[in-house]
Amino acid sequence: MKTIEALAPDQASLSAASKLTRQSNWPRLEKNEELALVWGECQGSGSNPYRVVVDTGDHGYKCTCPSRKFPCKHTLALMWIAATAPASFTAAGSAPEWVNDWLGRRRKTTSPPAVPTPGAAGKSIGEASLDDESATVEDAAAIERREAAQRKRAEDTRSSVAAALDELDQWISDQLRLGLAGFVDNSSDRCRRIAARLVDMKATALAGRIDEIPSRLMGLRSEERPDAAIRELGKLVLLAKAWRQRPDDAELRRLVSTSESREQVLANPDAIQVESLWEVLGEKIETRRDGLVSHSTWLLDLKSAAPRFALLLDYFPASAGRRSNAFTPGDRFVARLVFYPARQPLRALVAERRGDVSSGQWPDFSLGAADPLAAHVAHQDTAPWLTDCPVLLPPGAILLDDRGDAWWQSTDDPHGIALPIADAVNPTLLGLDLAATAALWSGSRLHLLAAQSGFGRLDLS
């Protein structure tokens, strides 16, 4: 999905594409895996459907619509379907004539071996060698042009993002000048405007983050919102400053503009790989304002000496409806995970899953003597722009205060540390002794995932 977001000319095209992902809009969807092609016909406002073809290898594309945006919404929608619902495509042994015509007029980055033709059989060895040499020179020139174009695009993107961060700095200054009270009251409109501007300037990931600030603020008590707004804006300032110092840093680029593809992460020789026994703690599903759904699945490493977590993150269009998940809270399986490069590696990919394991108790991580928020402090020290941090809390219980708000409170700590809980809590959990609790700490609220008690595992997400 990050690749599609990066290819989109603007946010409007991406939003329009999300509305075209329903299969009812596509009377024809076909693919040829050998040619790495998908194509289809999208029914538009006219009597004839638009014909769209996409090369899934190098993301080349063609659409017959008259749009002046490249790629158009039909092309983005076809890519979207290919990424989120590949089963929608029917396998085709041969491509239709209009697809073959497009193939014949473009130069692919990697061409299949040439098939000898009857006319070529009569060429002498010298003629054939000259042809091969000319083809080699031509291929080398094409590769050089392609690499030069890629460098030019990277430089243009970097310049555009730098300009976007300058505008963000000015926007933050304006919010502080106008007053935090006004920002909190009008955060939805103000964040939407700057987010749209950042998308136009290719800072798409940062735009998505800013779009979520209003919902974070509205989830707090009114008296807490000004302080939370300062924290949110401060994290943006720190992230922008870090990007300017290291614009080629993979983690910072991922948080500001675009992310690496799955293939790039798996092929990275420096990526951290962990083969272990993992348990699915829970999931967090949020509908974003840009029409995408963020689906986070949190895992716990059951063989690590200290609590280690992994985040599996996926995006899909809200119009596609709820998708079946490959993971269920409480599942245990042996797998090799590859982590995205980061100062505090959390996001990961499942490179290889070997088999499921029966459930049981969590390991003893000696949580009683540990600071429950030590992991959060470590995250803030190395990457202060991060938001949700996974934590494993020591023995405690969930209680209600005089206002009816839920809190997690330690039962081993003589100081009685207590942390507010963001979501509604099942009344049957109140007062229950929890041996350990896995949660996400945002700096102001806990989002509960799972817990261990005398009754076994409790799903809290």
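Quick notes on the rules
Residues numbered from 1 in each chain as written. Predicted model: local features only at pLDDT ≥ 70, side-chain atom pairs only at ≥ 80, totals over all residues. Heavy atoms only, no water. Axes fitted to C-alpha atoms, helices over the stretch in contact; angles between N-to-C directions. Helix = DSSP H or I, 4+ residues; strand = E, 2+ residues; numbered from the N terminus. Parallel < 35°, antiparallel > 145°, perpendicular 65-115°, else oblique. Contact = heavy atoms within 4.5 Å. Nonpolar A, V, L, I, M, F, W, Y, C, P; charged D, E, K, R; others polar. Pairing = 2+ DSSP bridges. Core = buried A, V, L, I, M, F, W, Y, C linked by side-chain atoms within 4.5 Å. Buried < 20%, exposed > 50% of the residue type's maximum accessible area, 1.4 Å probe, protein only. Salt bridge = Lys/Arg side-chain N within 4 Å of Asp/Glu carboxyl O. Phe/Tyr/Trp six-rings, centres within 6.5 Å; stacked < 30°, edge-to-face > 60°. Lys NZ or Arg CZ within 6 Å of the ring centre and 35° of its normal.

Our next topic: the packing of helix α7 (residues 187-200) against helix α8 (residues 204-211). Put simply, α7 and α8 touch, their axes get as near as 8 Å, and they point 170° apart. Between α7 and α8, the angle is such that the two are roughly antiparallel. Contacts between α7 and α8 pair C191, R192, I194, A195, L198 and V199 from the former with T204, L206, A207, I210 and D211 from the latter. Taken together, the residues of the contact of α7 with α8 sort by class into eight nonpolar, one polar and two charged.

Before going further, it helps to spend a moment on the sheet that holds strand β8 (residues 309-317). Spatial ordering of the open sheet is given by β8-β7-β6-β9-β10, a layout of five strands whose pairing is antiparallel. In the strand order of this sheet, the two ends are held by β8 and β10 (348-357), each with one partner. Put simply, the sheet's adjacent strands are angled 40° from each other on average, direction ignored. Those strands touched by helix α3 (residues 73-84) are β7 (292-301) and β8, and its axis lies near 140° from that of β8.

This brings us to the packing of α8 against helix α10 (residues 225-245). At a minimum axis distance of 12 Å, the contact between α8 and α10 shows a crossing angle of 170°. Considering the angle they form, α8 stands roughly antiparallel to α10. Contacts between α8 and α10 involve L206, R209 and I210 on the former and, on the latter, K235, L236 and L239. Among the residues making up the contact of α8 with α10, the classes are represented as four nonpolar, no polar and two charged.

Moving on, we come to the nonpolar core. Core analysis: the largest hydrophobic core is formed by 34 residues, its most contacted members being L168, L206 and I210. Considering each element in turn, this core owes the most residues, eight residues, to α10. In this view, L206 contacts L165, L168, L198, L236, L239, L255 and V256; residues no more than four positions away in its chain are not counted. Residues I4, A8, L20 and L292 belong to the second largest nonpolar core, which totals 23 residues.

The next point concerns the pattern of salt bridges. Overall, the coordinates contain 30 salt bridges when judged by the stated rule. With a shortest N-O distance of 3.5 Å, R28 and E41 are connected by a salt bridge. Taken together, the residues span a long stretch of sequence, with R28 in strand β1 (residues 28-32) and E41 in strand β2 (residues 37-42) at a distance of 13 residues. Residue classification places R28 among the partly exposed positions, given a relative accessible area of 24%.

In this structure, H59 is a non-glycine residue whose phi angle is positive, near 65°. Among the structural elements, H59 can be located in the loop between β3 (50-55) and β4 (61-63). In this structure, K202 takes a positive phi of about 70° despite not being glycine. One can find K202 in the loop between α7 and α8.

What follows deals with the packing of aromatic side chains. Summed over the entire model, instances satisfying the criterion amount to two aromatic pairs. Between the aromatic rings of F327 and F333, the centroid separation amounts to 5.5 Å while the plane-to-plane angle is 35°, which identifies the pairing as tilted. The pair formed by F327 and F333 is uniform in burial state, with each residue classed as buried. The ring centre of Y340 lies 4.4 Å from the NZ or CZ of R347, which sits over that ring. We note R353 situated over the ring of F333; from NZ or CZ to the ring centre the distance is 4.2 Å.

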